[in-house]
2 protein chains.
Amino acid sequence: MAVVHQSCPGYVAEPFASLVAEHPGEDVYPQADFRTEWGPIFHRGRLDGSARVLVLGQDPATHESVSRRILVGEAGQRVQGLLAKIGIDTAYVMVNVYLYSVFGQAAGNRHVTDEAITTYRNRWLDALLVDTDVTAVLALGDLAAKGYAAWAPTRPETASALHLAAVRHPTYAEGSARASGKPLAETTAAQLANWNAHLDALAAHVQPEGPTDLTPYAATWGPTDLVGIPEGDLPPGAPAWWRGVDAWAARSGADAQTKRATITVTVPRGARSWPPL
Amino acid sequence: MAVVHQSCPGYVAEPFASLVAEHPGEDVYPQADFRTEWGPIFHRGRLDGSARVLVLGQDPATHESVSRRILVGEAGQRVQGLLAKIGIDTAYVMVNVYLYSVFGQAAGNRHVTDEAITTYRNRWLDALLVDTDVTAVLALGDLAAKGYAAWAPTRPETASALHLAAVRHPTYAEGSARASGKPLAETTAAQLANWNAHLDALAAHVQPEGPTDLTPYAATWGPTDLVGIPEGDLPPGAPAWWRGVDAWAARSGADAQTKRATITVTVPRGARSWPPL
């Protein structure tokens, strides 16, 4: 029997069609601080009202710039694993604080409450949170928490009924190890302890769509903690390896200029299923 | 006033949603002859019934594998220029003979009448040609002409009412020069003479949506002969330089294995509008 493929239908329905058509550009996102040249990347997941959890991320990176959906790379797969623990396999929707990839973490910190950035982000949050079935918001990292905090007072009634789980960013461990010089094992353990601390309360505020498994994370990533991206989350025709755990996109170039201009896409070895060349 | 962006809405309406969901894979397109690992790429242009011309191309290449729409690179911009001459700016739809990028031109020649490939292609041609406003088919190159010939007898009534312009492939000049050793200037002149020979008849069978300019091509590409891809043809958020005339995607790698596995995406120099780094 023929395989039937799933794919993300995109932004045909309102208010998403208008949100996409009216996305802000360089006038709102300064090019010194954002890689606007790679285009805005809007979301991942359900826009049809079936979402029960909203995930608020930070900004898109290399894998996202090619797949045109957010949280597709390693960070996304860690989040997908967290959602799986609370029994959420597809009933989520994800947006980022920023439409464009941040150029330098410090740059990211500078703009989270910029008025025009916030106004546009809040239109998405209104569309996804006001009078919807979302009962919990999973905010990934400090910027996401700030982004949520810039929305909540504008919709106090909706916000008061939502559970907020403001957790460490999914790649906090790597960033923290780089910045502090601490061993990655230590920062990973700290991140997973943080996620564990939010797990039960998050589960208690979300109606699962499948089995839950609230076994806490160990001090290191286990083999089932990362979960691949569902086929239905990516645009039509997206290769299967775009959804897998092996990295496939990287910035490359010998100098800063070239590196900003270049993303190399490489089929992972495990997906090179063609006959010998 | 805020810019309002256009984008391709994708494949939400039937029969296109089902055609995309049911696309054939490696069982139909052998991996020895097709780069199935980059995923199927379906179309470019109007699926809403407003198309007046169907363009039948050959197979997607590097730019198409990233933008996820066909005929986006140089070949596509030459076609866009040809359509502009007959007064067609957006009222077209384009599909390829093959869903996947051909691995070697000889491989491409081998499969154009394969039963399962033809059956699936004919479902698209039925959807786009039977009881629609399309009055002319522009077939690009020999494979496209063969693909059309494999459909026409299945719908004789529809086909008899259509004008077929079977022209040289838009990058015939480059391929022919490489294969024959003839100067590119000579093969370019031959290609453009061939396009000129079809121009008036094609125009006569298409109701233009804007001004026509049937001035024949010169013996070489002129400055207005290539036309950029309209914003509304690419998926939401696609960077503007994906639609421009400067190349931005290339296969790279020191050996055949790596080259098959790699596409490097580079922002063209003219689009590097960020401040000095």
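Residues numbered from 1 in each chain as written. Chains lettered and ligands numbered in written order. Predicted model: local features only at pLDDT ≥ 70, side-chain atom pairs only at ≥ 80, totals over all residues. Heavy atoms only, no water.

- Chain A has the name Uracil-DNA glycosylase in an unreviewed UniProt entry, where Terrabacter aeriphilus is given as its organism.

### Observations regarding the overall build of chain A
- Per the secondary structure count, chain A includes ten helices and seven strands.
- Counting only C-alpha atoms, chain A reaches 60 × 50 × 45 Å along its principal axes.
- Of the contacts formed within chain A by residues at least 6 apart in sequence, a portion of 79% connects residues at least 24 apart.
- Accessible surface for chain A amounts to roughly 11300 Å². Of this, 55% is attributable to carbon and sulfur atoms.
- Side chains of chain A carry 22 positive and 28 negative charges; the gap between the two charge centres is 6 Å. (Helix = DSSP H or I, 4+ residues; strand = E, 2+ residues; numbered from the N terminus. Contact = heavy atoms within 4.5 Å. Areas by Shrake-Rupley, 256 points an atom, 1.4 Å probe, with all protein chains shown as cover. Lys, Arg positive; Asp, Glu negative; His and termini not counted. Charge placed at Lys NZ, Arg CZ, Asp CG, Glu CD.)

### Comments concerning the pattern of salt bridges
- Enumeration according to the criterion identifies 16 salt bridges over all chains in this entry.
- A:R44 is paired through a salt bridge with A:D233; the nearest N and O atoms lie 2.6 Å apart. Linking A:R44 in strand β1 (residues 44-45) with A:D233 in the loop between α9 (184-204) and β6 (249-251), this pair joins segments that are 189 residues apart in sequence. Summarising the burial analysis for this pair, A:R44 and A:D233 share the class buried.
- Residues B:E74 and B:R78 are paired through a salt bridge, measuring 3.5 Å at the closest nitrogen-oxygen approach. Taken together, the residues B:E74 and B:R78, both in helix α3 (residues 74-85) and four residues apart, mark about one turn of the helix.
- With a relative accessible area of 3%, B:R78 lands in the buried category.
- If you follow the salt bridges from partner to partner, you end up with A:R44, A:R46 and A:D233 in one network. (Salt bridge = Lys/Arg side-chain N within 4 Å of Asp/Glu carboxyl O. Buried < 20%, exposed > 50% of the residue type's maximum accessible area, 1.4 Å probe, protein only.)

### Notes on the interface of chain A and chain B
- Across the contact, 43 residues belong to chain A and 43 residues belong to chain B.
- At the surface where chain A touches chain B, the tally comes to zero salt bridges.
- Of all the elements in the fold, those that place two or more residues in the side of chain A that touches chain B are α1 (16-21), α2 (62-67), α10 (256-261) and β7 (262-266) of chain A.
- Considering each element in turn, the side of chain A that touches chain B owes the most residues, five residues, to β7(A).
- Considering only residue class, the side of chain A that touches chain B consists of 26 nonpolar, twelve polar and five charged.
- Pairing between β7(A) and strand β7 (residues 262-266) of chain B: five bridges, direction antiparallel. Residue pairing for β7(B): A:I263 is matched across the bridge by B:V265. (Nonpolar A, V, L, I, M, F, W, Y, C, P; charged D, E, K, R; others polar. Pairing = 2+ DSSP bridges.)

### Focus: the sheet that holds β1(A)
Residue and element names in this part refer to chain A.
- Pairing is mixed in the open sheet, where five strands are placed in the order β1-β3-β2-β4-β5. One side of each edge strand has no neighbouring strand; the edge strands of this open sheet are β1 and β5 (163-167).
- Note: strand β2 (residues 53-57) against strand β3 (residues 92-96), five bridges, orientation parallel. Residue V55 lies in a different strand from β3, and its bridge partner there is M94.
- Sitting on the sheet, helix α3 (residues 74-85) is in contact with β1, β2, β3 and β4 (136-140), with an inclination near 145° to β3.
- Across the sheet, α9 touches β4 and β5, and the angle it forms with β5 is around 170°. (Axes fitted to C-alpha atoms, helices over the stretch in contact; angles between N-to-C directions.)

### Concerning the packing of aromatic side chains
Residue and element names in this part refer to chain A.
- This model, assessed by the stated rule, comprises 32 aromatic pairs over all chains.
- Seen in terms of ring centroids, Y11 and W124 are 6.4 Å apart; in terms of plane orientation they differ by 85°. Their pairing is edge-to-face. Of the two residues, Y11 is situated in the segment before α1 and W124 in helix α5 (residues 115-129); the sequence distance between them amounts to 113 residues.
- Classification of Y11 as buried rests on a relative accessible area of 7%.
- Here W124 falls in the buried class, since its relative accessible area comes to 4%.
- Look at Y29 and Y100: their rings are 4.9 Å apart centre to centre, the planes differ by 65°, and that puts the pair in the edge-to-face class. (Phe/Tyr/Trp six-rings, centres within 6.5 Å; stacked < 30°, edge-to-face > 60°.)

### Re α5(A)
Residue and element names in this part refer to chain A.
- Spanning 15 residues, α5 covers 20 Å between terminal C-alpha atoms, matching the ideal 21 Å at 1.5 Å per step.
- Along α5, the positions that sit buried rather than exposed are I117, T118, Y120, R121, N122, W124, L125, L128 and L129.
- Elements in contact with the buried residues of α5: α1, β2, β3, β4, α6 (141-151) and α7 (156-160).
- After α5 finishes, the residue D131 shows a positive phi value of roughly 60°. (Expected span 1.5 Å × (residues − 1).)

### Topic: unusual backbone geometry
All names here are of chain A.
- Each neighbour pair has its own omega, and for E14 with P15 the value is 5°, a cis peptide bond.
- Even without glycine at this site, L71 takes up a positive phi of about 55°.
- On the secondary structure map, L71 appears in the loop between α2 and α3.
- A residue is classified by how much of its surface remains accessible, and L71, at 7% relative accessible area, is buried.

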